[in-house]
Amino acid sequence: MRAFTKIYTFLRDKKVLFLGKLVTICLCVTYLVIWTACGSDAIEMFDCSVITPTYNLNIKPILDTSCAKSGCHDAQTNQSGFDLSSYSKAKSLSQQKAFLGSIQQKSSYPAMPNDGVKLSDDKIKLLSCWVQNGSPE
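I tried to follow helix 5 (residues 121-132) on my own but got confused; where do I start?
One turn of an α-helix holds 3.6 residues; hence residues three or four places apart share an orientation. Here helix 5 is 12 residues long and its end C-alpha atoms lie 16 Å apart, about the 16 Å a rise of 1.5 Å per residue gives. Inspection of helix 5 places Ile 124, Leu 127, Ser 128, Cys 129, Trp 130 and Val 131 among the buried residues, and these make up the whole buried set. Those residues of helix 5 that are buried lie in contact with helix 2 (55-66), helix 3 (87-94) and helix 4 (97-103). Note on helix 5: the residue one or two positions beyond its end, Gly 134, has a positive phi of about 95°.

Following this line, the structure appears as structure tokens:
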């Protein structure tokens, strides 16, 4: 009978520990979900009905001077795995939420350009409309 009591106590304690860990994990996951949902700014959408920027005419000059410059997101440096030196690469990256989130300097994304100088509102609008219009060449 004493052996049975020891086994029962051992199993009961393991069950309590397991349930305690499970509750702790659930609370942590809930906290992270709430924290990330509350802390993120929405990507700003613009009225682009009269603005139709193209990569070659409007976007490439902005990317070349602010993003795809030496030491940043050019073909050689490829900072953080992002290369914005060509249309095909820029178009592919522009489809990611982080592209506009970083350019618009939203709180959940690393602020770009990395040198701390935010792009002008006109350039941000051009880039945003380019993405909203499907990133045309």
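What follows picks up the thread again.
Can you help me understand the packing of helix 2 against helix 5 in this one?
Angle between the axes and distance between the axes: these two values describe a pair of packed helices. Look at helix 2 against helix 5: their axes get within 10 Å of each other, and the N-to-C directions meet at 125°. Judged on the interaxial angle alone, helix 5 and helix 2 are oblique. Here helix 2 and helix 5 pass one another in a crossing that is left-handed. Across the interface between the two elements, Tyr 55, Asn 58, Ile 59, Ile 62 and Leu 63 from helix 2 touch Lys 123, Leu 126, Leu 127 and Trp 130 from helix 5. Within the contact of helix 2 with helix 5, the residues separate by chemical class into 7 nonpolar, 1 polar and 1 charged.

What should I look at first to understand the layout of surface pockets in this one?
Vacant regions in the atomic arrangement are exposed by a probe of water-molecule size rolled over the atoms. Empty space within the largest pocket amounts to approximately 340 Å³. If you trace the largest pocket, you find 18 residues lining it, with His 73, Phe 82, Leu 84, Ser 102 and Met 112 closest to the centre. Ranked by the residues each element gives to the lining of the largest pocket, the list is headed by helix 4, at 4 residues. Per-class residue counts for the lining of the largest pocket are 11 nonpolar, 7 polar and no charged.

Scoring rules and cut-offs
Residues numbered from 1 in each chain as written. Predicted model: local features only at pLDDT ≥ 70, side-chain atom pairs only at ≥ 80, totals over all residues. Heavy atoms only, no water. Helix = DSSP H or I, 4+ residues; strand = E, 2+ residues; numbered from the N terminus. Expected span 1.5 Å × (residues − 1). Buried < 20%, exposed > 50% of the residue type's maximum accessible area, 1.4 Å probe, protein only. Contact = heavy atoms within 4.5 Å. Axes fitted to C-alpha atoms, helices over the stretch in contact; angles between N-to-C directions. Parallel < 35°, antiparallel > 145°, perpendicular 65-115°, else oblique. Left-handed = near helix turned anticlockwise from the far one by under 90°. Nonpolar A, V, L, I, M, F, W, Y, C, P; charged D, E, K, R; others polar. 1 Å grid on protein atoms, 1.4 Å probe; cavity = no way out; pocket = protein on both sides within 12 Å on 5 of 7 lines; lining within 4 Å. Points joined across faces, edges and corners; volume = space filled by probe spheres on them.

Shape descriptors only; they carry no functional weight alone.
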